[in-house]
Amino acid sequence: MLHNRKIIKADGESSDFAEGSVGRHILEQSIPLMAAQILQLLYNVVDRIYIGHIPNSDGLALTGIGLVFPIISLIAAFTNLFGMGGAPLCSIARGAGQKEEAKKLLGNSAVLLFFTSIVLMALCYLIKRPMLYLFGASDETYPYANQYLQIYLLGTVFVMLGNGLNNFITCQGFPRMAMLTTFFGAALNLVLDPILIFGFGMGIRGAAIATVFSQIVSALWVLRFLTGKKPELTLQRKYFRLDFQRVKKIITLGMSGFIMSATNSVAQIACNAMLGIYGGDLYIGIMTVLNSIREIFTLPVSGITSGAQPVIGFNYGAKRPERVKQGIRFMTLAGGGYTILAWLLLILFPKPLLSLFTNNQQMLTEGVRCVHLYFAGFVFMLFQFCGQSVYVALGKSGRAVFFSLFRKVMIVLPLTILLPRLMSDGVAGVLLAEPISNVIGGLACFVTMVLTIYRKL
């Protein structure tokens, strides 16, 4: 019976997503989650803001950080593989009343996150120099990229455990705790950055040290909560033993998030390489700023769609199709209203946004044009987010993987390489690949979801 699936938190609050307003449940999940993501964003964005204002770097320090982006995206890809793969399965298991299976999914995901982080850290150290040059580094920008990366990699274990396992806090109906998970680390990063970068004159190394220390604090907070008494699902040694079928399900469902981040890494490598050819270090630095602005402005969309996932997944497991449809409608309309407003801000006020990250006049002048080109199709990004979220929440991993590949591999990558060769302005050709992919890929993903899932519910 439905009431048997009702979960009561330690503070007495119900987290039964099969009862009450669907929109309210999504907002209750989304708002704290967005706050947590804002704090998480501070880890990297605050670094870039301070780094962009390092005296006498002429924007090269910011360019160096941009060269590290693909590696950060690769680490995020493996974090998503196990964190975003296991958490939706936990939501479905909870909705179906399968508590023991949900605990095993948490334990297996934690083990996969830990051992993968060790392997990634070691591998990146071994091939660090050739990898950065492959990603578009020059002799002028390599020192900055190397200084940041060799320290940042020390936090790989902590960033993967902290971010990956935080999904399991959210999926249990503790979005506020997920926000607190990142609060302490982000606050430390915000305080330590100016002290280490400017106060102690450590420059880009200071930014990396502040980030790693913050990641350690966040990870310890996650582990403390998931080994405590408050959550229903906790980390226990008896659930750490890997099961092939369970691991396969986690990887299969998490493959969508993995491919999204991994292909984003590959696309960024291609973008930096082509910008280096057609524009030089200046435009790689501008792309670093554009990526930072994109992270800021896509965060609410990510928060709404991520907050909707446990609600949609729970109701799908609880056999409540009409509530699943309500969740999809609410997520799309709320996200649509936001993206229209965000797009207007990006188009009308690009220079103040750019000024947050750099005081280099050449970057500011060229950056305005780049913002207009790069964010031309921003509104259509919503459809990709919504479609992907529904596929993941309902366990439709094959479709989620396909549309991740479709947008980045089949559209962005070819256009990034071909358009600058076909256009007189090579830089504009590189930048236009993103909005074109948003329109084609986003609509294809969303329309397919409506026709194959929404109508059949």
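What counts, and at which threshold
- Residues numbered from 1 in each chain as written.
- Predicted model: local features only at pLDDT ≥ 70, side-chain atom pairs only at ≥ 80, totals over all residues.
- Heavy atoms only, no water.
- Helix = DSSP H or I, 4+ residues; strand = E, 2+ residues; numbered from the N terminus.
- Rg over C-alpha atoms; globule rule 2.2 N^0.38 Å.
- Areas by Shrake-Rupley, 256 points an atom, 1.4 Å probe, with all protein chains shown as cover.
- Lys, Arg positive; Asp, Glu negative; His and termini not counted.
- Charge placed at Lys NZ, Arg CZ, Asp CG, Glu CD.
- Contact = heavy atoms within 4.5 Å.
- Expected span 1.5 Å × (residues − 1).
- Buried < 20%, exposed > 50% of the residue type's maximum accessible area, 1.4 Å probe, protein only.
- Axes fitted to C-alpha atoms, helices over the stretch in contact; angles between N-to-C directions.
- Parallel < 35°, antiparallel > 145°, perpendicular 65-115°, else oblique.
- Nonpolar A, V, L, I, M, F, W, Y, C, P; charged D, E, K, R; others polar.
- pLDDT = per-residue confidence, 0-100.
- Left-handed = near helix turned anticlockwise from the far one by under 90°.
- Salt bridge = Lys/Arg side-chain N within 4 Å of Asp/Glu carboxyl O.
- Phe/Tyr/Trp six-rings, centres within 6.5 Å; stacked < 30°, edge-to-face > 60°.
- Lys NZ or Arg CZ within 6 Å of the ring centre and 35° of its normal.
- Polar contact = N/O pair within 3.5 Å; in protein donor to acceptor, adjacent residues only side chain to side chain.
- Patch = residues over 30% accessible without salt bridge, like charges linked within 9 Å, V, L, I, M, F, W, Y side chains within 5 Å.

Participant: I would appreciate a short explanation of the overall build of the protein chain in the present structure.
Facilitator: A tally of regular secondary structure across the protein chain gives 16 helices and 0 strands. In terms of C-alpha radius of gyration, the protein chain reaches 21 Å, essentially the compact-globule figure of 23 Å for 457 residues. The C-alpha extent of the protein chain, read off along each of the three principal axes, is 65 × 45 × 35 Å. Carbon and sulfur atoms form 67% of the exposed surface of the protein chain, whose accessible area is close to 17800 Å². Across the protein chain, the 37 positively charged side chains and the 20 negatively charged ones have centroids separated by 11 Å.

Participant: Quick question: what am I supposed to make of the side chain of Thr79 here?
Facilitator: Mapping Thr79 onto the fold places it in helix α2 (residues 60–95). Contact partners of Thr79, with chain neighbours within four places excluded, come to Met84, Leu113, Met160, Asn163 and Gly164.

Participant: It is not clear to me how helix α14 (residues 381–393) should be interpreted in this structure. Could you clarify?
Facilitator: Think of an α-helix as turning once every 3.6 residues; residues three or four places apart then point the same way. With 13 residues, α14 should reach 18 Å at 1.5 Å per residue; the first-to-last C-alpha distance of 19 Å fits that figure. Counting buried residues in α14 gives 11 out of 13 residues, a clear majority hidden from the surface. Listed as buried for α14 are Met381, Leu382, Gln384, Cys386, Gly387, Gln388, Ser389, Val390, Tyr391, Val392 and Ala393. Directly beyond the C-terminal end of α14, a positive phi value near 75° is found at Gly395.

Participant: Explain the packing of helix α10 (residues 281–317) against helix α11 (residues 321–348) to me, please; I cannot follow it from the model alone.
Facilitator: For any two helices packed against each other, one specifies the inter-axial angle together with the distance between the axes. The N-to-C vectors of α10 and α11 enclose an angle of 175°; their axes lie 9 Å apart at closest approach. Considered as vectors, α10 and α11 are oriented roughly antiparallel to each other. Counting all contacts with α10, which are made through Ile293, Ile296, Phe297, Pro300, Val301, Ile304, Thr305, Ala308, Ile312, Asn315 and Tyr316, the residues of α11 involved are Arg323, Val324, Gly327, Ile328, Met331, Ala334, Gly335, Tyr338, Thr339, Ala342, Leu345 and Leu346. Of the residues in the contact of α10 with α11, the class split is 17 nonpolar, 5 polar and 1 charged.

Participant: Mind showing me how you'd approach the confidence of the model for the protein chain here?
Facilitator: Note: predicted coordinates in regions of low pLDDT should not be interpreted at a detailed level. Here the protein chain shows a mean pLDDT of 88. Residues at 70 or above account for 95%. A low-confidence stretch, residues 1–14 stays under pLDDT 50, and its non-local contacts, those more than four residues away or across chains, total 28 contacts.

Participant: Help me out: how do you make sense of the packing of α2 against helix α5 (residues 142–152) in this one?
Facilitator: Orientation of α2 relative to α5, taken along the N-to-C sense of each, is 40°, at an axis distance of 7 Å. For α2 against α5, the interelement crossing comes out right-handed. Two secondary-structure elements touch here, α2 through Leu60, Ala61, Gly64, Ile65, Leu67, Val68, Ile71, Ile72 and Ile75 and α5 through Tyr144, Ala145, Tyr148, Leu149 and Tyr152. Among the residues forming the contact of α2 with α5, the class breakdown is 13 nonpolar, 1 polar and no charged.

Participant: Explain the pattern of salt bridges to me, please; I cannot follow it from the model alone.
Facilitator: Pairing is possible between side chains that carry opposite charge, provided their charged atoms lie close to one another. All chains considered together, the criterion is met by 11 salt bridges. The partner of Arg294 in a salt bridge is Glu434, with the nearest N and O atoms 4.0 Å apart. With a gap of 140 residues between them, Arg294 in helix α10 and Glu434 in helix α16 (residues 426–454) connect regions that are remote in the sequence. Each member of the pair Arg294 and Glu434 is classed as buried. Arg407 is the partner of Glu434 in a salt bridge, and the nearest nitrogen-oxygen pair spans 3.6 Å. Taken together, the positions of Glu434 in helix α16 and Arg407 in helix α15 (residues 397–422) put the pair 27 residues apart, joining distant regions of the chain. The pair Glu434 / Arg407 is uniform in exposure class, with both members buried. Shared partners join several salt bridges into a network, and the residues in it are Glu101, Asp243, Arg246 and Lys249.

Participant: Mind showing me how you'd approach the packing of aromatic side chains here?
Facilitator: Aromatic rings considered in pairs are described by the distance between their centres and by the relative angle of their planes. Summed over the entire model, instances satisfying the criterion amount to 15 aromatic pairs. Ring geometry for Tyr391 versus Phe403: centroids 5.9 Å apart, planes at 5°, classification stacked. In this pair, Tyr391 is assigned in helix α14 and Phe403 in helix α15, connecting sequence segments 12 residues apart. Under the relative-accessibility criterion, Tyr391 is labelled buried at 0%. An aromatic cluster of three or more residues is present, and its members are Tyr391, Phe402, Phe403 and Phe406. Residue placement shows Arg129 over the ring face of Tyr142; its charged tip is 4.8 Å from the ring centre.

Participant: Would you take a moment to explain the side chain of Arg48 for this structure?
Facilitator: Residue position: Arg48 is located in helix α1 (residues 22–51). Within the local environment of Arg48, its side chain forms a polar contact with the side chain of Glu295, the two groups lying 3.1 Å apart.

Participant: How do you make sense of unusual backbone geometry when you look at a structure like this?
Facilitator: Peptide bonds are mostly trans, and most non-glycine residues show a negative phi. One non-glycine residue, Lys319, lies in positive phi territory at about 60°. If you trace the backbone, Lys319 turns up in the loop between α10 and α11. The class for Lys319 is exposed, based on a relative accessible area of 69%.

Participant: I keep staring at a nonpolar patch on the surface and nothing clicks. Help me out?
Facilitator: There is a patch of nonpolar side chains on the surface, built from Leu190, Val191, Ile195, Phe200, Met202 and Ile209 and spanning about 520 Å² of accessible area. With 3 residues, helix α7 (residues 175–199) is the largest single contributor of residues to the nonpolar patch. Judged by relative accessible area, which is 31%, Met202 ranks as partly exposed.

Participant: What am I meant to see in the environment of Val450 here?
Facilitator: In this structure, Val450 sits in helix α16. Sequence-wise, Val450 and Val390 are 60 residues apart; in three dimensions their C-alpha atoms are separated by 9.9 Å.

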